[in-house]
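Residue strings, one per chain:
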Amino acid sequence: MPSETIKVLIPRLPSTDALLPYLNRIDSARIYSNYGPLHHEFSARLSQLTGAPGITITCNGTSAIELALRVRAKSGRRYCLMPAFTFIASAHAVCNAGLTPFLLDVSEQHMMLTPEIVEAALPQLDEPPAAVLVVSAFGAPPDFSRWKAFEAKHGIPVVFDAAAAVTALDGVGEQPVCVSLHATKVVGIGEGGAILCSDRDLIERTTAMTGFGFLGAERVSAIQGGNYRISEYAAAVGMAVMDGLPARLEALRKLSRAYLERLKTKDVRVQRGVGDEWVTMTFNVVVRPEALQATLERLDAQHIEWRRWWGLGCHRHPAFADAPRCNLTTTDALAPRVIGLPFHDRLSEQDLDRIADCLP
Ligand SMILES: *Cc1c(COP(=O)(O)O)cnc(C)c1O
């Protein structure tokens, strides 16, 4: 008999029972959107969780990146430097901010953009860039201090797409950090996002931009924005997620360690600090080129789902095939070998053994 399929991801949002107290509060308050009481409480809890002094809640992670870029990018400039290796949402956000994605390579070690990669690219551009979008690789914390030094040195604004890293952040500063609250992310509320930043003025502006640019009490549009708010129902889910977060993080840590234990004897690489210093909702291994094909065939034969969460790079998508770029040698060599393994709360020890058996 063929063994049962092991799914790659099974998201879980709070149960109806966990939501009820918050839904009852909405019934009583009869406030349904426009920065209501649950929105405020959820913002405060996210701010506490991340240590970020300022926070703007948005309707998704992609729009958080868009708004942060709209505020920070140097006006009159065209290009936003960004890694080719990221989830395609990053490239859409750059375009929605009125900028052109300019694709750069990533470091083999961290799978992220580094200040060195950007510095090597700068002389190859025909004009100075408007901004740099630095992407956290699958929830790993970006190196905030190095990027702060980069910005101080070059005067090029930096924005972080740390979509999957909301529980891994330490030391959020003046460079905005954008996170996703999508159902598949660690603080998943269905759809949602946030901009985290210590710059109060930036947060005031991005928050105003989520509600038609109204600044202050009057219904006067001071900045161009749009409607990027979440409803009180989404905030209610957020409150219930925060209630359950310690238990979820503990489960994710346990599962990561169960994987790490099994990988000790294996010839695959994992991201630095995963499972010990930070956790997220996916678990990726980097497979050697010569072992890749056979590994994927073994997983398929065992009915074990796997996924290249970021595909083969932005430049491989038809919508961004014409994006200007520098040499992407590392991305092209790395992207096919970054394999997302099953990672969810229905995996048994036997399932993990079965998965590990397929790895080189
Ligand atoms: C999830 C994700 C996004 C998009 O977030 P949404 O909330 O789905 O809009 C952007 N960038 C990266 C790296 C992501 O993983």
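Residues numbered from 1 in each chain as written. Predicted model: local features only at pLDDT ≥ 70, side-chain atom pairs only at ≥ 80, totals over all residues. Heavy atoms only, no water.

The protein chain has the name DegT/DnrJ/EryC1/StrS family aminotransferase in an unreviewed UniProt entry, where Paraburkholderia bengalensis is given as its organism.

Undergrad: Go over the site of the ligand with me, naming the residues and quoting the values.
TA: Gly61, Thr62, Asp161, Ser180 and Lys185 are the nearest of the 15 residues found near the ligand. Within the contact set of the ligand, an oxygen atom lies 2.6 Å away from a side-chain nitrogen or oxygen of Thr62. Within the side chain of Lys185, a nitrogen or oxygen atom sits 3.1 Å from an oxygen atom of the ligand. Contact with the protein chains covers 90% of the free accessible surface of the ligand, which is 390 Å². Elements supplying a minimum of two residues to the shell around the ligand: α3 (61-72) and α4 (89-96). Among the residues making up the shell around the ligand, the classes are represented as five nonpolar, eight polar and two charged. (Near = heavy atom within 4 Å. Polar contact = N/O pair within 3.5 Å; in protein donor to acceptor, adjacent residues only side chain to side chain. Areas by Shrake-Rupley, 256 points an atom, 1.4 Å probe, with all protein chains shown as cover. Helix = DSSP H or I, 4+ residues; strand = E, 2+ residues; numbered from the N terminus. Nonpolar A, V, L, I, M, F, W, Y, C, P; charged D, E, K, R; others polar.)

Undergrad: Run through the sheet that holds strand β9 (residues 283-287), naming residues and quoting values.
TA: As summarised here, the arrangement of the three strands in space is β8-β9-β10, forming an open sheet in which the pairing is antiparallel. In this open sheet, the two strands that pair with only one neighbour each are β8 (268-269) and β10 (338-341). Both β9 and β10 contribute to a ladder of four bridges, which runs antiparallel. Residue Asn284 lies in a different strand from β10, and its bridge partner there is Gly340. Lying over the sheet, helix α9 (residues 289-301) contacts β9 and β10, oriented at roughly 130° with respect to β9. (Pairing = 2+ DSSP bridges. Contact = heavy atoms within 4.5 Å. Axes fitted to C-alpha atoms, helices over the stretch in contact; angles between N-to-C directions.)

Undergrad: Which residues make up the sheet that holds strand β3 (residues 100-104), and what values do they have?
TA: Within a sheet, adjacent strands bond to each other through the backbone by hydrogen bonds, running parallel or antiparallel. Overall, mixed pairing links the seven strands, which are arranged β1-β7-β6-β5-β4-β2-β3 in an open sheet. Of all strands in the sheet, those bounded by a partner on one side alone are β1 (54-58) and β3. With direction set aside, neighbouring strand axes in the sheet form an average angle of 25°. On top of the sheet, helix α6 (residues 144-154) reaches β4 (131-135), β5 (158-161) and β6 (177-180); it is set at about 155° to β5, its chief contact.

Undergrad: Describe the side chain of His315, with residues and values.
TA: Assignment of secondary structure puts His315 in the loop between α9 and α10 (329-334). His315 has contacts with Ala84, Leu103, Phe320, Ala321, Arg325, Leu328, Thr331 and Asp332, leaving out every residue within four places of it along the chain.

Undergrad: How would you explain the environment of Asn34 if you had to name every residue and give the values?
TA: With respect to the helices and strands, Asn34 occurs in the loop between α1 (16-29) and α2 (37-50). A relative accessible area of 48% places Asn34 in the partly exposed class. Taking the C-alpha atoms as reference points, Asn34 and Glu232, 198 residues apart in sequence, are found 8.2 Å from one another. A distance of 3.5 Å separates polar atoms of two side chains, one belonging to Asn34 and the other to Arg229. (Buried < 20%, exposed > 50% of the residue type's maximum accessible area, 1.4 Å probe, protein only.)

Undergrad: Residue-level account of the nonpolar core, with values.
TA: Residues Phe42, Leu46 and Val132 are the most contacted members of the largest nonpolar core, which totals 93 residues. Per-element accounting of this core gives the leading share, 15 residues, to helix α8 (residues 232-263). Look past the residues within four positions of Phe42 in its chain and what remains in contact with it is Ile57, Leu181, Ile189, Ile230, Ala235, Gly238, Met239 and Met242. (Core = buried A, V, L, I, M, F, W, Y, C linked by side-chain atoms within 4.5 Å.)

Undergrad: For the domain arrangement of the protein chain, give the residues involved together with the corresponding values.
TA: By the assigned domains, the protein chain splits into domain 1 (16-239) and domain 2 (245-356). The C-alpha centroid of domain 2 is placed 25 Å from the C-alpha centroid of domain 1. Counting residues at the interface gives 41 residues for domain 1 and 35 residues for domain 2. Across the domain 1 to domain 2 interface the summed buried area is about 3100 Å²; carbon plus sulfur atoms make up 69%. Sorting the residues of domain 1 by area buried against domain 2 places Phe85, Leu103 and Phe138 first, and these three jointly supply 23% of that buried surface. Our count for the contact surface shared by domain 1 and domain 2 stands at two salt bridges. Note that Glu108 is salt-bridged to Arg269, the shortest N-O span being 3.3 Å. (Domains from an automatic or database assignment. Buried area = accessible area lost by both parts, 1.4 Å probe. Salt bridge = Lys/Arg side-chain N within 4 Å of Asp/Glu carboxyl O.)

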